[in-house]
Each structure stands twice: as structure tokens, then as C-alpha cells.
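Now for the letters of each chain:
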Amino acid sequence: MSALLGAVHIAIALTMPVLLVGIVNRTKARSAGRKGPGLAQLAWDLRRLLMKAPVYSTTSSPLFAAGAWVVLAASLLAALVAPILGDSAPLRFDYDFILFAYALGLARLFLMLSAMDVGSAFEGMGAAREGLFTVAIEPALFFLIGAATLATGQASFAGLLGQWHHATSFPWLAVPAVAVLFALLQAEAARLPVDDPQTHLELTMVHEVMLLDHSGPGLAAMQYAAALKMTIYAGLIASLVNPFDLRGNPAPAVLFALVTMVGVGVAVGCVESLIARMRLRAVPGYLVLASLTAAACLGVAGWLSRMP
Amino acid sequence: MGALIAAVVVLLLGAAACLLPVANRVRVACGLVSQTLATALVLTAVVPVLLGGVPVAGELPWAYPMGTMRVRLDALGAFFLVWSMPLTLLGSIYAVGYFRAYFDSPRHLGWHFALFNLTSLSFVLVYPGDHALLFLLGWETAAIAAWLLVIWDYTNQKVRFAGFNYLVSTHLGLIFIVAAFMVLYAHTLSWDLLSFGDWLRSHPGAERNLVFLLLVTSFALKSAFFPFHSWLPRAHAAAPAHVSALMSGVIHKAGLYALVRVLLLIGTPDAWMGWFLVGFSVLSAVIGALYTVGQRDLKRLLGYSSTENVGIAGIGFGVGCLGLAWHSAPLVALGFAGGLLHVLNHAFFKCQLFYAAGAVYRAVHTVDVERLGGLLRLMPWTALSFLLGGVAISGLPPLNGFTSEFVIYSGLFSGEPIGVWARVALAVGAAALAFVGAVSAFSITRAFGVVFLGRARDPSVPVGHEMNGWMLVPMAVHGVAVVLLGVMPFLGFALVREATSLALTTLPGAGTGVLPRLEAALTRVGLMSGALVLAVAALVWFFRRASSRPAAASATWGCGYDAPTARMQYTGSSFSADLQSRVGGVVLTMRRLKAPTGYFPVDSYLLTACVDAVERRLFAVIANGDASANELSGALREDDPRIAFAAALIAVVIMAGLVVPVGGALQ
């Protein structure tokens with residue numbers, strides 16, 4: 001049973017990134033009155049990139065070529081730890097959320113380093129912004145996990161998110177927790193209002209500017225990893241709000257998770273259609289606000305679990 | 001016991017041989033041989049203790065006032081000795097390469113290597129010592145030796161200043177420790193640490209709290225916790241690289257050893273002590289990390305990251321202390337094992353980073369990040385070494401920094417029944433630790449990215465070249481250790497296991513079963529890290545094989561402009577400017593600006609420097625002390641009746657305050 005669930009998890013984690021990017025783009029196109037690209041457009045793009053030979057900058061070192069694969073491998077490891085279906089994950093052990101956060105941290109470090117490696121001012125700027133945003137948002141996940149620990153008494157990531165809905169604090173904290181995870185998604189997967197994936201001005205890019213000199217299979221790995229990160233955070237939201245017990249009724253739980261992830265994709269698309277990106281100087285404030293919201297969740301969770 | 005005494009004798013004889021009037025090569029050889037021999041001797045005594053054997057104990061009769069000197073090498077001391085001695089030896093080997101240019105000069109190299117012997121000697125005195133005066137002797141030997149090692153380049157006034165700054169700070173710490181020992185001696189009439197422990201265990205209350213605070217202040221000065229760190233960035237920037245490495249990674253760990261020793265002596269500390277340690281350490285970690293962000297001097301940056309990392313280890317010890325107070329075996333095990341593992345890991349990756357920085361200094365004669373760039377192509381092994389150390393110090397998998405931070409996080413999220421608000425507070429500590437990790441990754445990206453990646457920024461800096469084997473071998477050993485301890489964390493755990501169970505023995509149930517669970521968890525973490533390494537290797541290998549066409553080369557994308565100069569690269573200052581401006585209240589940035597004026601400006605400049613807020617405040621008080629007192633007295637008018645009234649009131653209150661406790665309440 002758990003092997004089957006693990007296989008389902010892996011299958012969803014591997015295919016959903018393509019679909020989710022398609023859904024976001026389709027939503028944006030529809031709201032702009034266009035038809036938009038097909039849902040699997042990213043897959044075709046990746047296939048095209050994989051068949052190309054890479055072009056490396058004359059300034060770059062071997063670290064640049066390896067960077068993309070470190071990013072991909074670390075993001076895949078994080079996807080195996082992250083619960084996206086509910087109370088289950090292929091790699092599940094006590095305090096696995098630390099591995100999750102730090103594997104993504106390793107991916108980010110190599111993303112930033114390979115940006116610095118080509119000696120471009122634009123890419124250095126993007127790396128500095130990425131680092132700054134991470135500093136602002138990194139505590140948020142741990143505040144949320146602290147709140148979930150108080151509510152559930154679990155120690156694994158899957159247990160924390162998958163069983164939170166049983167706790168008395170859940171009705172109070174579900175909305176702010178989802179909001180914090182949504183802000184984390186925007187920051188980690190480089191979506192509006194934190195970063196605009198479709199901007200064409202190097203001075204204002206964050207994630208895309210770091211990919212400027214990547215090409216061929218390396219660029220494919222980087223793009224897939226970014227989509228994977230969006231999938232992971234959409235999955236975390238899905239498993240937080242999933243009311244079904246994955247072991248009791250697996251089918252409705254998996255279905256609910258899929259629908260929620262698609263819903264998160266539509267929500268991301270709607271947000272991107274409705275608002276413009278923030279001024280870059282305001283973004284850290286937005287992310288700190290998300291961290292403070294998460295801290296407030298921790299405080300409220302403590303206050304609620306104080307009462308029997 | 002015999003091995004330890006033999007090691008002391010060998011080290012002293014070796015130090016003496018270093019000073020003989022022979023060629024520098026012979027002196028250095030004497031130093032290295034005696035250190036190797038002493039290290040081997042100490043290891044023969046230490047390894048059985050670490051494997052669970054009985055502590056090495058012995059007595060040496062000595063004259064008044066020392067009295068009988070008791071030596072008792074238990075698992076805690078053994079843990080610190082087992083890596084301190086070999087790492088000091090590696091540092092001495094590195095020093096051979098670092099000082100190669102001086103071998104045929106008239107400069108006396110023997111002193112420097114004799115001081116390494118004395119440093120090792122101080123470990124043999126401090127870690128197994130069960131006698132307060134013996135402990136102080138070792139403590140002081142390490143301080144003096146480190147000071148003399150720092151001022152190697154003594155003709156430079158800045159280096160002398162940094163040395164004296166360190167000497168004053170370390171002796172301020174000595175005053176606190178002596179005060180604490182005087183209080184303890186007054187009560188026990190003994191210099192034995194064990195009898196100190198008996199008294200501390202049986203007399204909770206104000207005096208024990210005072211002793212605890214005195215000792216923690218002293219140890220914090222030794223290990224450079226915030227706000228007692230102001231000597232550290234100067235000393236690390238001024239000293240030769242291997243001395244900075246040994247001070248930061250090895251010598252000043254004695255402060256943390258002493259902290260753990262005192263906690264174990266107290267046995268059941270009060271909970272406030274644990275909270276105090278956790279809060280103090282979180283503050284240290286956060287502020288140390290923020291200070292690494294804007295530093296231009298690579299070694300100064302690494303110095304601040306020591307403040308950060310002792311903070312991280314201190315969080316672990318604080319959690320362990322809370323566990324001792326609340327009799328919670330998982331908290332004790334996770335806290336102490338995590339803290340000790342972090343001490344071990346930090347020794348490996350911090351020395352490695354300093355060695356790499358020293359190699360950069362030797363190659364290009366500067367460690368100012370703004371003037372460097374593109375060193376990876378010229379010094380690939382040094383760059384790899386710095387990268388490994390950097391990933392490890394950011395606490396990222398698959399290297400060793402991750403394993404110890406994993407254990408410390410587990411302690412913070414332990415889920416033990418310790419009360420809701422305690423769990424909330426520890427979760428806040430975990431979030432702070434996550435913040436520290438992000439900041440540390442930021443500044444390591446900046447340091448590595450600016451110094452080793454891109455292209456050389458300043459044509460006036462010499463072209464870099466790879467170092468000689470004497471310097472590369474210690475870096476390689478550290479690199480291998482950082483990887484091995486990351487993917488096989490049970491190796492590190494084997495060293496801390498007995499020391500942790502020493503802490504567990506003070507609990508009623510002795511916490512059986514906690515350690516095997518922890519070991520299993522660490523093994524799993526190592527497996528994950530190993531899988532990550534293999535996955536990266538497989539992906540790189542596969543796509544290199546699969547690509548049929550060779551990679552093409554082209555200029556970096558510059559918005560269509562393809563003749564950029566190296567000066568157009570992003571600088572370290574620009575990288576950190578935004579973050580620095582947002583934490584300007586904590587991290588001071590000095591700006592000196594002469595704005596350009598007129599149509600053809602000639603001399604305009606902007607200088608920025610990240611200065612230490614604590615040090616500036618300290619010097620401001622010293623410099624303006626008289627002035628501020630004068631201002632105060634100028635503001636008070638003598639003939640103001642309110643002053644006379646207030647003075648009389650204060651006098652009455654003080655007199656009443658003296659009378660009431662002595663004579664009881666007034667009738």
C-alpha cells in the first residue's frame with residue numbers, strides 16, 4: 001500500500017510541474033483574452049532544450065556546468081520528502097522537514113553560485129536578490145512547522161501537515177497557514193508579486209536573470225527545477241487542507257490533492273493576471289510579513305493548545 | 001596517565017629543541033616530530049576512553065599551593081583531545097608551506113613552532129585536568145601562546161594592536177574565571193573540580209547563580225560569543241592563516257569545553273540557566289551571521305562566522321542544559337550530542353576555510369574580496385577546498401555541517417512534554433537558526449562567488465597560482481573529513497557518544513535507548529546525503545555522455561554588449577548592500593563620501609567599511625568618558641534646591657537599606 005502511494009507520489013511529483021506551469025500560463029492567457037499555449041508546452045520546451053548542445057560562457061568554470069544538476073538533484077530530493085498527497089511521503093522520517101528545507105537551500109546556493117560564475121553584473125544582482133529574499137522568508141517555514149508540532153505532536157513533515165486538520169487549532173490557523181505557504185511558493189518558485197517570470201528587462205529579473213547564461217540541458221534542468229518547486233509548495237498546501245485520510249480512503253485523498261494543486265495553479269495564474277509585481281525594494285517587506293504571519297501562527301497555536 | 005605525562009615531556013623538549021641555534025629547517029623538523037610523537041602518545045590514552053573504557057586517572061604530588069594534582073581524563077575531555085591534537089599538527093604542517101619563504105631568511109622560525117607545541121601542551125593540561133590550578137595553567141598557556149602566534153608580523157602596528165586587544169580580552173576573561181574559582185575554593189577548600197561539583201550540586205541559590213554567570217562570561221570571552229567578540233575580527237585578520245584557523249577552530253573551543261564541563265558538574269542546573277544559554281547563543285548566532293554579510297576582508301568574515309558557529313553549538317548546549325534541568329533524556333542527548341558534533345564539524349570546516357583564505361593570501365597578497373576574482377581557474381584545489389568548507393559552514397547537505405544542525409534542530413523540535421510556551425520558545429529558536437543558515441549561505445555565496453568565480457577584478461593584484469603540497473595536504477585532509485563526516489555521520493557520533501552518555505548518567509533513568517535512536521537517525525541523514533552526492537554525480541555523468549555535440553563557447557550575456565570589462569562585474573559590496581541597509585541598526589557601515597562637484601570633478605570618492613558596533617561603542621566610551629561626565633556636571637546647577645533634596649533622599653534610602661537587613665524591620 002505505502003509502496004503504491006510512494007509510486008503515485010513520485011509520478012505526480014514528476015509530471016505535475018509540466019502541467020502546473022501549463023495551467024498557470026493557460027489561466028493568464030484566458031484572462032487576457034488569448035487562447036494560450038497547450039498544457040504540456042513546458043514538456044516540449046524541455047525536450048527541445050535537452051536535444052541542444054550547451055553554450056558556455058568563456059568566463060565560466062566547471063562549477064557552472066555542474067550547478068544545474070546540483071539544483072535539479074537537490075530539488076528532486078526535496079520533492080521526495082515533501083508531502084503532497086497528505087499524510088505520506090516516499091522518504092519519511094523524524095525531522096525530515098530539516099532535510100527538505102536544507103536540500104532546497106543547497107539548490108539555491110548552487111543556483112546563485114552558477115549565476116556568479118559567468119561574471120555578469122546582472123546575474124550577480126539577481127543572485128544577491130535571491131539571497132536577500134531567502135533571508136526574509138526562511139524563518140516562515142520553521143515557524144509554521146513549530147505551530148504544526150504544537151498542534152499535532154508529530155515529528156515528520158508528512159505527519160505535521162497531513163494531520164494538522166485533526167487539531168483544534170486548525171480552523172483558526174488554516175487560512176493564515178495557507179497564505180504563508182502561498183507566499184513561500186511565490187518566493188521559491190519566483191512568481192508574481194515577488195518575481196515576474198515573463199519580464200524581459202535584465203535589471204528587474206531575479207530568477208530568470210540567473211538563468212541567462214544557461215543553455216541546452218542545463219537550462220532544461222533549471223527550468224524543470226523551478227516548476228518542481230512550484231509543484232512542491234502547491235502540494236504542501238494541498239496536503240495541509242486535505243480532509244481525507246490517505247490510508248483509509250486513498251482514492252478521494254489523491255483526487256482531492258490533485259484538484260487542490262490545480263486550484264493553486266489557477267490561483268497563481270489569477271494573481272499574476274490581476275496584480276503587477278511589487279517594487280523590488282518592497283519585496284523583502286512582503287516576505288518578512290509572511291514570516292511574521294507564520295510567527296503569529298506559532299503564537300496562536302501555543303495559546304490554543306494551552307487550553308485542554 | 002603515563003602516556004599523558006610522556007606527551008607533556010615530549011612537547012616541552014620539542015619546544016626547547018625548536019629554539020636551538022641550528023638551521024630553520026632543523027628547528028621546524030624538531031617541532032613537527034615532537035608534535036607527531038605527542039599526538040600519537042595522547043591518542044593511545046584517549047581512544048580507549050572514547051570507546052567506552054574507564055577514565056584515565058592519576059595523581060601527582062606537588063608543592064603548595066598546587067597540592068596534589070588530580071588528572072582524570074573522562075569521555076568529554078577525551079572527545080576534545082582526540083581532534084584538537086591532530087588538527088594542531090595539521091596546522092603546523094600547513095605553517096611549513098605558509099612560511100616556506102622564510103626558511104632561508106634570518107627570521108627565527110623555531111619560536112613559531114615552539115608555540116604550536118605549547119598550544120598542544122595547553123590541551124593536554126586543560127582537557128584531562130581535574131584540578132582548578134592545572135586548568136588555569138593550561139588556559140593561560142593557550143592564551144599567551146595564541147597571542148604570540150598572532151603577532152608573527154609584529155613590525156606592523158595594526159598587528160600589534162590586534163594582539164594586545166586579544167591579550168586584554170582574554171585576561172578580562174581570566175579575571176572572571178579566577179573570581180568564580182575563588183568563590184568555589186572558599187566553600188570547598190579544595191582545588192578539585194569534582195569537589196567544586198559536589199558543592200555546586202548541593203547549594204542551589206544566589207551564590208551558585210553568581211558562579212555560573214561569572215564562568216559563562218569568561219567562557220564567552222574565550223569563545224567569542226556576542227557581545228564579547230570584539231577582539232576576534234581583528235585578531236583573525238592580523239594573524240597568519242593557520243593561526244587564525246587554529247584559534248577559531250581548535251584553541252577557543254576550550255571555552256565550550258569548559259561550559260559543558262561546568263554544566264555536567266552542576267548536574268541539575270536551574271532551567272533559567274538553559275534559557276539564558278539558549279537566548280545568549282541565539283543572539284550570538286544571529287548577530288555573528290549578520291556581521292559576516294558585509295565584510296571586505298575574507299579572514300575577518302571567517303572570524304565573525306566563528307561567533308555565529310559557537311552560537312549554534314551553544315544553542316545545543318542550552319537545550320541540553322534545559323534537558324538536565326527538566327530530567328528529559330531526549331533533550332539532553334540531542335542538545336549535547338548536537339552541540340559537541342557541531343564543535344567537531346566546525347573545527348574541520350573552519351580550519352579548511354582559513355587555510356584556503358591563507359592560500360589566497362600567499363598567492364595574491366591580499367584577502368580584500370573587492371580586489372579579487374576568478375581564482376578558481378588559477379587555484380582549483382584551493383577553490384574546491386573553500387567551496388566544500390563554505391557548503392559545510394552553511395549547514396547544507398551533503399556535508400558535515402548539516403548533520404550537527406540536524407541534531408540541534410531535532411532538539412529544538414523535540415516534542416517532549418516541557419510545557420507549551422517552552423516549546424513555542426524553542427520553535428522560535430529554530431526559526432532563528434533557519435535565519436542564521438540563510439544569512440550564512442548568503443555571505444558564503446558572496447565570498448566564494450566574488451573571490452573565486454568570474455574574472456580577476458584588479459590588474460594590480462598578482463596573478464594567482466596553486467600552493468605547494470605542504471599547504472594542500474592539510475586542506476585535502478580537512479576536505480575528506482568534511483565529506484566523510486557528512487555522508488557517514490556515525491563516525492562523528494562515535495566520538496561524541498560517550499561524552500553524551502556522560503551527561504545522561506546524571507538523569508534518574510540514565511536515558512537508555514536514546515542514543516541508539518539518535519545514531520539511527522544520523523545514519524539515515526548520512527544515507528540521504530550520500531544519495532544526493534550520487535544523484536548529482538550520475539546526472540553530470542549521464543548528460544556529459546549523452547551530449548553528442550561538443551559544448552560551444554561564447555561571451556557572457558551582457559544585454560547585447562559583448563566587450564565587458566572585469567570591472568563591470570558585480571562587487572561584494574553591491575552584493576551585500578541591500579541586506580546591509582536593512583539591518584543597519586545592528587551592523588554599522590561607515591561611509592566616507594566626497595561627492596563630485598563641478599563639471600570636471602577630479603578627486604571624489606566613496607569609502608565604505610563594515611565596522612564592529614561593540615568595539616566602536618567600547619572605544620567611544622573610553623574616549624568620551626571624561627567628556628560625558630563633564631557634560632553631566634555642567635548640566636547640573638549647584639544651587640538647585642532639587643539636587644540637595646534628591647541627594648538627601650538617596651542618602652536616607654541607602655541608610656535605611658543598610659539598617660533594615662542588619663537590624664530587622666523597624667518597629
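Residues numbered from 1 in each chain as written. Chains lettered and ligands numbered in written order. Predicted model: local features only at pLDDT ≥ 70, side-chain atom pairs only at ≥ 80, totals over all residues.

**Details of the overall build of chain A**
Right, on to step 1. A count of helices and strands for chain A gives 11 helices and one strand.
Right, on to step 2. The secondary structure elements of chain A, listed N-terminal to C-terminal, are α-α-β-α-α-α-α-α-α-α-α-α.
Right, on to step 3. If you line up chain A on its principal axes, its C-alpha atoms span 65 × 45 × 40 Å.
Right, on to step 4. Looking at chain A as a whole, 65% of its 308 residues qualify as buried.
Right, on to step 5. Sequence separation of 24 or more characterises 76% of the internal contacts of chain A that already satisfy a separation of 6 or more. (Helix = DSSP H or I, 4+ residues; strand = E, 2+ residues; numbered from the N terminus. Buried ≥ 20, exposed ≤ 12 C-beta atoms within 10 Å, placed from the backbone. Contact = placed C-beta atoms within 7 Å.)

**A closer look at the overall build of chain B**
Right, on to step 1. Counting its secondary structure elements, chain B contains 24 helices and five strands.
Right, on to step 2. At 27 Å, chain B has a C-alpha radius of gyration in line with the 26 Å of a compact globule built from 667 residues.
Right, on to step 3. On the principal axes, the C-alpha backbone points of chain B span a range of 95 × 75 × 65 Å.
Right, on to step 4. Taking all 667 residues of chain B together, 54% fall into the buried category. (Rg over C-alpha atoms; globule rule 2.2 N^0.38 Å.)

**So, the interface of chain A and chain B**
Right, on to step 1. Taken together, the contacts link 63 residues of chain A with 62 residues of chain B.
Right, on to step 2. Elements with a contribution of two residues or more to the side of chain A that touches chain B: strand 1 (55-57), helix 3 (62-81), helix 4 (96-116), helix 5 (121-152) and helix 11 (283-306) of chain A.
Right, on to step 3. When its residues are assigned to classes, the side of chain A that touches chain B shows 41 nonpolar, 16 polar and six charged.
Right, on to step 4. Pairing of strand 1 of chain A with strand 3 (residues 552-554) of chain B, which is carried by three bridges, proceeds in the parallel orientation. When the bridges of strand 3 of chain B are listed, V55 of chain A appears paired with A552 of chain B. (Nonpolar A, V, L, I, M, F, W, Y, C, P; charged D, E, K, R; others polar. Pairing = 2+ DSSP bridges.)

**What to know about helix 13 (residues 298-326) of chain B**
All names here are of chain B.
Right, on to step 1. When the terminal C-alpha atoms of helix 13 are compared, their 42 Å separation across 29 residues agrees well with the 42 Å that a helix rising 1.5 Å per residue should span.
Right, on to step 2. Counted residue by residue, helix 13 has 28 buried out of 29 residues, so it is predominantly covered.
Right, on to step 3. Of the residues trailing helix 13, H327 is marked for its positive phi of about 55°. (Expected span 1.5 Å × (residues − 1).)

**Concerning unusual backbone geometry**
Right, on to step 1. A cis amide bond links L192 of chain A to the next residue, P193 of chain A, at an omega of 0°.
Right, on to step 2. Within the element layout of this structure, P193 of chain A appears in the loop between helix 7 (170-188) and helix 8 (207-210).
Right, on to step 3. That bond from P397 of chain B to P398 of chain B is cis: its omega, 5°, falls within 30 degrees of zero.
Right, on to step 4. On the secondary structure map, P398 of chain B appears in the loop between helix 16 (380-393) and helix 17 (400-412).

**Observations regarding the packing of helix 11 (residues 253-266) of chain B against helix 13 of chain B**
Residues and elements named next belong to chain B.
Right, on to step 1. Close contact between helix 11 and helix 13 brings their axes to 11 Å; oriented N to C, the two are set at 5°. Between helix 11 and helix 13, the interaxial angle falls into the category roughly parallel. Within the contact between the two elements, helix 11 uses L256, L259, V260 and L263 and helix 13 uses V310, A313, F317, C321 and L324.
Right, on to step 2. The class makeup of the residues in the contact of helix 11 with helix 13 is nine nonpolar, no polar and no charged. (Axes fitted to C-alpha atoms, helices over the stretch in contact; angles between N-to-C directions. Parallel < 35°, antiparallel > 145°, perpendicular 65-115°, else oblique.)

**Overview of helix 1 (residues 2-31) of chain A**
Residue and element names in this part refer to chain A.
Right, on to step 1. Counted at 1.5 Å a residue, the expected span for helix 1 with its 30 residues is 44 Å, and the 40 Å between its end C-alpha atoms agrees.
Right, on to step 2. In the structure, helix 1 departs most strongly from a straight axis at M16, where the bend amounts to approximately 40° and where the proline P17 lies between one and four residues downstream.
Right, on to step 3. Just downstream of helix 1, G33 is the residue with a positive phi angle, here 85°. (Bend = angle between axes of the 7 residues up to and from the residue.)

**Quick notes on the nonpolar core**
Right, on to step 1. By size, the foremost hydrophobic cluster in this structure holds 357 residues, and its most contacted members are V71, A74, F143 and L144 of chain A together with V150 of chain B.
Right, on to step 2. Looking at which element gives the most residues to this core, the answer is helix 14 (residues 329-364) of chain B, with 24 residues.
Right, on to step 3. Non-local contacts of V71 of chain A, meaning those with residues more than four positions away in its chain, are made with A107, F110, L111, A221, M222 and A225 of chain A. (Core = buried A, V, L, I, M, F, W, Y, C linked by C-beta atoms within 7 Å.)

**Description of the packing of helix 3 of chain A against helix 4 of chain A**
Residue and element names in this part refer to chain A.
Right, on to step 1. Between helix 3 and helix 4, the shortest axis-to-axis distance is 8 Å and the interhelical angle comes to 160°. Comparing their axes, helix 4 and helix 3 come out roughly antiparallel. Both helix 3 and helix 4 take part in a crossing whose hand is left-handed. Facing helix 3, whose interface residues are L63, F64, G67, A68, V70, V71, A74, S75, L77, A78 and V81, helix 4 presents D96, L99, F100, A103, L104, L106, A107, F110, L111, L113 and S114.
Right, on to step 2. Residues that form the contact of helix 3 with helix 4 fall into these classes: 18 nonpolar, three polar and one charged. (Left-handed = near helix turned anticlockwise from the far one by under 90°.)

**A look at the confidence of the model for chain A**
Right, on to step 1. Summing up the model confidence of chain A, the mean pLDDT is 90 and the portion of residues at 70 or higher is 99%.
Right, on to step 2. Within chain A, helix 4 of chain A carries the highest mean pLDDT (94), whereas helix 8 of chain A carries the lowest (87). (pLDDT = per-residue confidence, 0-100.)

**Some points on the environment of V367 of chain B**
Residue and element names in this part refer to chain B.
Right, on to step 1. One can find V367 in the loop between helix 14 and helix 15 (375-378).
Right, on to step 2. Judged by the 22 C-beta atoms lying within 10 Å of it, V367 is buried.
Right, on to step 3. Excluding residues that lie within four positions of it along the chain, V367 makes contacts with D297, L298, K299, A357, V360 and Y361.

**Examining the environment of S548 of chain B**
Residues and elements named next belong to chain B.
Right, on to step 1. The topology assignment puts S548 in the loop between helix 21 (514-546) and strand 3.
Right, on to step 2. Its 7 C-beta neighbours within 10 Å are what place S548 among the exposed residues.
Right, on to step 3. Between the C-alpha atom of S548 and that of A438, which follows or precedes it by 110 residues, the distance is 39 Å.

**Topic: the environment of L280 of chain A**
All names here are of chain A.
Right, on to step 1. Position of L280 relative to the elements: it lies in the loop between helix 10 (250-274) and helix 11.
Right, on to step 2. Judged by the 17 C-beta atoms lying within 10 Å of it, L280 is partly exposed.
Right, on to step 3. Not counting residues within four places of it along the chain, the set of residues in contact with L280 comprises R129 and T204.

**Quick notes on the confidence of the model for chain B**
All names here are of chain B.
Right, on to step 1. Per-residue pLDDT for chain B averages 88, and the proportion of residues at 70 or more is 96%.
Right, on to step 2. By mean pLDDT, the top-scoring element of chain B is helix 16 (94), and the lowest-scoring one is helix 23 (residues 613-635) (72).
Right, on to step 3. Predicted as a complex, the structure gets a pTM of 0.92 and an ipTM equal to 0.95.

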